[in-house]
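# Observations on chain architecture
Take a look at the letters that make up each chain.
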Amino acid sequence: MSALTGKVIAVAGASGPAGQAVLRRLAAAGATVIGADIDPQRLDAAVDHVRTAVPGARISSQVIDLLDPQEVHDWADHLEAEHGHVDGVFHLVGGWRGSKTFFDSRIDDWDFLHDRVVRTLQHTSLAFQPALVRSEAGRYAIVSAAAAHKPTAGGAAYAAAKAASEAWTLSMADSFKKETTSADGEPTAAAAILVIKALVTPEMRAEKPEAKFAGFTDTADLAETLAGLWDRPAAELNGQHLWLTAR
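The structure displayed is predicted, hence computed values, not measured ones. (Residues numbered from 1 in each chain as written. Predicted model: local features only at pLDDT ≥ 70, side-chain atom pairs only at ≥ 80, totals over all residues. Heavy atoms only, no water.)

### A short note on the overall build of the chain
From N to C terminus, the chain includes eight helices and nine strands. For the chain, the C-alpha atoms occupy an extent of roughly 50 × 40 × 35 Å along the three principal directions. Looking at the chain as a whole, 48% of its 247 residues qualify as buried. For the chain, the proportion of contacts with a sequence separation of at least 24, taken over those separated by at least 6, is 70%. Of the roughly 11800 Å² that the chain leaves accessible, carbon and sulfur atoms contribute 53%. Mean positive and mean negative side-chain charge positions of the chain (23 and 31 charges, respectively) differ by 7 Å. (Helix = DSSP H or I, 4+ residues; strand = E, 2+ residues; numbered from the N terminus. Buried < 20%, exposed > 50% of the residue type's maximum accessible area, 1.4 Å probe, protein only. Contact = heavy atoms within 4.5 Å. Areas by Shrake-Rupley, 256 points an atom, 1.4 Å probe, with all protein chains shown as cover. Lys, Arg positive; Asp, Glu negative; His and termini not counted. Charge placed at Lys NZ, Arg CZ, Asp CG, Glu CD.)

Below you can see the structure in the form of structure tokens.
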């Protein structure tokens with residue numbers, strides 16, 4: 001039995017390349033996985049792929065608009081009522097907008113990233129925080145970017161969105177420190193931030209076999225790191241930046 005056996009884990013942004021890799025890795029380890037996305041066709045394809053790759057996978061899907069806070073809260077309540085507990089939530093909703101220079105930065109790029117990256121994170125974290133507090137080993141994780149720590153002139157909107165996401169997640173981590181304790185007084189839940197430069201898929205490597213993809217993180221490595229969050233104590237993970245690229 002793996003550390004994931006019996007765990008109930010929700011993955012937001014499940015139809016993207018990272019989401020698909022994470023769904024497959026979690027299902028293979030024996031977790032009950034719920035993939036969520038707004039695009040029903042892409043989500044169905046992602047879930048069907050996992051069922052083919054992992055016979056007997058305990059996986060289901062939920063079409064949901066993460067910009068609707070009530071819809072997200074209802075989903076969180078439903079999952080906990082159905083399964084008795086929710087042990088993990090991974091927010092893998094991404095997006096990128098940028099410009100050639102700082103002066104060319106567009107405020108509508110910020111509006112797009114604020115909704116897609118920040119607002120969806122706020123809704124999922126607020127909706128699932130109580131369930132993760134009640135879990136014996138709750139884990140919440142987001143994927144951030146090195147750009148948040150070293151913004152470029154043309155990446156103001158993107159860097160700002162990622163930085164805001166990190167700050168929000170660190171506040172959630174502080175709530176876990178205060179609201180979840182084991183017999184020895186340590187937190188039982190953790191919120192962590194995975195930091196990457198960019199992601200690379202097997203398909204990308206196959207299309208450009210000569211490319212180095214320097215500093216990029218393979219989606220399989222990202223999935224492995226997320227699956228390994230239950231192998232480490234919550235106190236060790238909570239509020240931490242886990243760098244998957246050079247600092």
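Structure shown, so let's carry the discussion forward.
### A short note on helix H2 (residues 40–53)
Taking 1.5 Å as the rise per residue, H2 with 14 residues should run 20 Å; its terminal C-alpha atoms sit 20 Å apart, in good agreement. Regarding H2, the residues found buried are Leu-43, Ala-46, Val-47 and Val-50. Down the axis of H2, the buried side of the element spans an arc of 90°, and every buried residue falls inside it. For H2, the exposed residues lying more than 90 degrees away from the buried face are Gln-41 and Thr-52. Elements that come into contact with the buried residues of H2 comprise helix H1 (17–28), strand S2 (32–37) and strand S3 (58–63). If you check the start of H2, you find a side-chain oxygen 3.1 Å away from the backbone N of Gln-41, and it comes from Asp-39. (Expected span 1.5 Å × (residues − 1). Arc of directions from axis to C-beta. Polar contact = N/O pair within 3.5 Å; in protein donor to acceptor, adjacent residues only side chain to side chain.)

### Focus on the side chain of Thr-120
Secondary-structure assignment places Thr-120 in helix H4 (residues 107–134). When its relative accessible area of 5% is taken as the criterion, Thr-120 is described as buried. A polar side-chain atom of Thr-120 sits 2.9 Å from a polar atom in the side chain of His-91. Not counting the four nearest positions on each side in its chain, Thr-120 is found in contact with Leu-66, Leu-67, His-91, Val-93 and Asp-115.

### Overview of unusual backbone geometry
Within the chain, Phe-213 stands out as a residue other than glycine whose phi angle is a positive 50°. For Phe-213, a relative accessible area of 14% puts it in the buried group.

### Things to note about the packing of H4 against helix H5 (residues 156–179)
For the pair H4 and H5, the least separation of the axes is 9 Å and the interaxial angle reads 10°. Our classification of the angle between H4 and H5 gives roughly parallel. (Axes fitted to C-alpha atoms, helices over the stretch in contact; angles between N-to-C directions. Parallel < 35°, antiparallel > 145°, perpendicular 65-115°, else oblique.)

### Considering the environment of Ala-161
Within the element layout of this structure, Ala-161 appears in helix H5. Sequence separation of Ala-161 and Gln-62 is 99 residues, and the distance between their C-alpha atoms is 26 Å. Dropping the residues within four chain positions of it, Ala-161 is found in contact with Trp-110, Leu-113, Val-117 and Val-118.

### Here's the deal with the pattern of salt bridges
Where side chains of opposite charge bring their charged atoms close, a pairing between them can arise. For the structure on display, the rule yields nine salt bridges. Between Lys-178 and Asp-174 there is a salt bridge, with the nearest N and O atoms lying 3.0 Å from each other. You can see Lys-178 and its partner Asp-174 sitting in helix H5, four residues apart, about one turn around the helix. The exposed category is assigned to Lys-178, whose relative accessible area is 63%. Accessibility expressed as a relative area gives 30% for Asp-174, which makes it partly exposed. One salt-bridge network, held together by shared partners, links Asp-174, Lys-177 and Lys-178. (Salt bridge = Lys/Arg side-chain N within 4 Å of Asp/Glu carboxyl O.)

In short, the description is geometric, and any link to function would need to be established separately.
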